[in-house]
Structure formats: structure tokens, C-alpha cells
Amino acid sequence: MSSEELLSVLAAVGHAQRLRILAELAGGRMYVSELARRLGMSRPLLYMHIDRLEKAGLVTGSLELSDDGKALKYFELTAFDLRLNIDTILGAVGADEPISDVRGADEARGKKT
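Residues numbered from 1 in each chain as written. Predicted model: local features only at pLDDT ≥ 70, side-chain atom pairs only at ≥ 80, totals over all residues. Heavy atoms only, no water.

**Overview of the overall build of the protein**
Helix and strand counts for the protein come out as six helices and three strands. Reading the helices (α) and strands (β) of the protein from amino to carboxyl end gives α-α-β-α-α-β-β-α-α. Looking at the 113 residues of the protein, the share that counts as buried comes to 28%. The long-range share in the protein, meaning contacts at least 24 apart out of those at least 6 apart in sequence, stands at 48%. A total accessible area of about 7,200 Å² is found for the protein, and carbon and sulfur atoms account for 53% of it. (Helix = DSSP H or I, 4+ residues; strand = E, 2+ residues; numbered from the N terminus. Buried < 20%, exposed > 50% of the residue type's maximum accessible area, 1.4 Å probe, protein only. Contact = heavy atoms within 4.5 Å. Areas by Shrake-Rupley, 256 points an atom, 1.4 Å probe, with all protein chains shown as cover.)

**Some words on the sheet that holds strand β2 (residues 59-65)**
Reading across from one edge, β1-β3-β2 is the order of the three strands in this open sheet, with antiparallel pairing throughout. If you trace the sheet from one side to the other, it starts and ends with β1 (30-31) and β2, each paired once. Its contacts with the sheet put helix α2 (residues 16-25) on β1, β2 and β3 (71-77), and the angle it makes with β3 is roughly 95°. On top of the sheet, helix α4 (residues 43-55) reaches β2 and β3; it is set at about 120° to β2, its chief contact. (Pairing = 2+ DSSP bridges. Axes fitted to C-alpha atoms, helices over the stretch in contact; angles between N-to-C directions.)

**Thoughts on the packing of helix α3 (residues 32-39) against α4**
For the pair α3 and α4, interaxial distance at closest approach is 10 Å and the crossing angle is 100°. Between α3 and α4, the angle falls in the class roughly perpendicular. Within the contact between the two elements, α3 uses Val32, Ser33, Leu35, Ala36 and Leu39 and α4 uses Arg43, Leu46, Tyr47 and Ile50. Partitioning the contact of α3 with α4 into residue classes produces seven nonpolar, one polar and one charged. (Parallel < 35°, antiparallel > 145°, perpendicular 65-115°, else oblique. Nonpolar A, V, L, I, M, F, W, Y, C, P; charged D, E, K, R; others polar.)

**Quick word on the side chain of serine 2**
Tracing the sequence through the fold places serine 2 in the segment before α1 (3-13). Of the residues examined, serine 2 reaches a relative accessible area of 17% and is grouped as buried. Discounting chain neighbours no more than four positions away, the residues touching serine 2 are Ala92, Ala95 and Asp96.

**A closer look at helix α5 (residues 86-96)**
Within α5 the residues assigned to the buried category are Leu90, Ala92 and Gly94. One side-chain oxygen of the residue at the start of α5 lies 3.0 Å from the amide nitrogen of aspartate 87, identifying that residue as asparagine 85. (Polar contact = N/O pair within 3.5 Å; in protein donor to acceptor, adjacent residues only side chain to side chain.)

Dropping the structure here:
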């Protein structure tokens, strides 16, 4: 994961409404109108938040046709495991920088490479 990807994930989970969306989707995939109703949120606002979560790779959306021909948008969680510690940060920065720079950071922390 690069530092840009890490920042995208942190920004996505750094909002109370987006955390509520993730919590609702933990119960399984959900049609967008139902999700909006459960959260007491307008669909345009929900789509704005869902867009951030999709770009961070935390949720995915799929379009399906109902029996009567209506297009229904469903969202669900993707499998993710978010852990933040200094190793996560060093790994993200290391994906952006030459290895020698990360090795120096490891040595500054007392780790041997």
C-alpha cells in the first residue's frame, strides 16, 4: 500500500457518517434506498460518502435489474483489515521511496534490516 492509498483509506474512515455506513453494511449488502432510510440520509449525500468508501476500496457497488425492470444499486463491504501502526506507515512510505530511506527509518527505531 502506498502512502496515497493509506491516506485515502484514512480519509474514508475519518468521518462519522462513513463509519455508520460501514457499520450498516456489516450486516450484508444493501439496496441504496434502504441504506439511506436506515441512516436517515438523503441519497445524494449517501452517494457522496459511498464514493469515498469505494475509492478507498472499502465497499463495492453493483447494479442489478429487478423483475419489473428497475435498476437497483446495491452496496456491500469488501474484505478489508485496517491496522495502523508505525510498520504500516513505514510500509506505505517505503512503497513511495527508495529502500535505503526506509532502512534508515528502521535503524532510527532500533530495528536491524
